[in-house]
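Reading the structure
Given next are the chains, with one letter for each unit.
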Amino acid sequence: MATATKSRTTSVVTLSIGFLCLLVTVALGLNIGAAADMFPTAGKAVWGFGGCTVALLICGIASWLHKPTSSELVSEADERNIAIRSQAAEKAFTLLSVLVPIGALALFVSDQLSVAGVLIMIGLEVVAFLGYLLWIAKIQRSM
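Residues numbered from 1 in each chain as written. Predicted model: local features only at pLDDT ≥ 70, side-chain atom pairs only at ≥ 80, totals over all residues. Heavy atoms only, no water.

Time to look at the overall build of the protein chain. Summing up its helical and strand segments, the protein chain has five helices and zero strands in all. Taken from the N to the C terminus, the helices and strands of the protein chain come in the order α-α-α-α-α. When the backbone C-alpha atoms are referred to their principal axes, the protein chain occupies close to 50 × 35 × 25 Å. Relative to all contacts within the protein chain whose residues are 6 or more apart in sequence, the contacts with residues 24 or more apart total 58%. Taking the average location of the 9 positive side-chain charges in the protein chain and that of its 8 negative ones, the two points are 7 Å from each other. (Helix = DSSP H or I, 4+ residues; strand = E, 2+ residues; numbered from the N terminus. Contact = heavy atoms within 4.5 Å. Lys, Arg positive; Asp, Glu negative; His and termini not counted. Charge placed at Lys NZ, Arg CZ, Asp CG, Glu CD.)

As structure tokens, then:
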């Protein structure tokens, strides 16, 4: 049952972010509160957030509607599979932590990214790292 709950939580988070992107898309598209005036190319932002909205909502709905079979539940609860997924997630996080700053620096040096873009990427990385530390603390308390 824990994996079914985890799947629901993932679905809710994905759908919530999708609805947030939808709100941003509508605000930019209709220029509510002069939101579109903050972006030099608001049309790109509308299409970008609109695309993210569609993708997130489709994935969230598909995840919400998926009912795991008993063999999937057993496989997900297998300690070996849990250890494999944890190790893969750790390696992916480490890779992301290295590639994001290098990518931001490369884009900034080639004048493809503004200082604000670099600061946003750094901020996202800091948030991800803080989440990593909080999850470690939470897991250590529960063990």
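Moving on: the environment of leucine 56. When you line up the elements, leucine 56 lands in helix α2 (residues 42-65). Judged by its relative accessible area of 24%, leucine 56 is partly exposed. Residues leucine 56 and lysine 44, spaced 12 residues apart in sequence, show a C-alpha to C-alpha distance of 18 Å. (Buried < 20%, exposed > 50% of the residue type's maximum accessible area, 1.4 Å probe, protein only.)

The next point concerns unusual backbone geometry. Despite not being glycine, asparagine 31 shows a phi value in the positive range, around 55 degrees. Structurally, asparagine 31 is set in the loop between α1 (2-29) and α2.

If you walk through the whole model with that rule in mind, you get two aromatic pairs. Taken together, a centroid distance of 4.8 Å and an interplanar angle of 15 degrees make the contact between phenylalanine 93 and tyrosine 132 stacked. With a gap of 39 residues between them, phenylalanine 93 in helix α4 (residues 79-109) and tyrosine 132 in helix α5 (residues 115-142) connect regions that are remote in the sequence. Since its relative accessible area comes to 32%, tyrosine 132 is described here as partly exposed. Three or more aromatic residues joined by ring pairs form one cluster here, namely Phe93, Phe129 and Tyr132. (Phe/Tyr/Trp six-rings, centres within 6.5 Å; stacked < 30°, edge-to-face > 60°.)

A word on α5. Between the first and last C-alpha of α5 there are 41 Å, a value that for 28 residues agrees with the 40 Å anticipated at 1.5 Å per step. Of all the positions in α5, only Gly117, Val118 and Gly131 are classed as buried. The inward-facing, buried residues of α5 contact α4. (Expected span 1.5 Å × (residues − 1).)

Bringing the environment of valine 13 into the picture now. Structurally, valine 13 can be placed in helix α1. Assessed through its relative accessible area of 44%, valine 13 is described here as partly exposed.

What follows covers a nonpolar patch on the surface. Taken together, the side chains of Leu105, Phe108, Val109, Val115, Leu119, Ile122, Val126, Phe129, Leu130, Tyr132, Leu133 and Ile136 present a nonpolar region at the surface, about 1,100 Å² in accessible area. Contributions of two or more residues to the nonpolar patch are made by α4 and α5. Here the element with the most residues in the nonpolar patch is α5; it accounts for nine residues. Within the element layout of this structure, valine 109 appears in helix α4. (Patch = residues over 30% accessible without salt bridge, like charges linked within 9 Å, V, L, I, M, F, W, Y side chains within 5 Å. Areas by Shrake-Rupley, 256 points an atom, 1.4 Å probe, with all protein chains shown as cover. Salt bridge = Lys/Arg side-chain N within 4 Å of Asp/Glu carboxyl O.)

Once that is clear, we can look at the confidence of the model for the protein chain. Counting all residues, the mean pLDDT for the protein chain is 81, and 92% of those residues have values of 70 or more. Mean pLDDT values for the elements of the protein chain range from 70 in helix α3 (residues 70-77) up to 86 in α2. (pLDDT = per-residue confidence, 0-100.)

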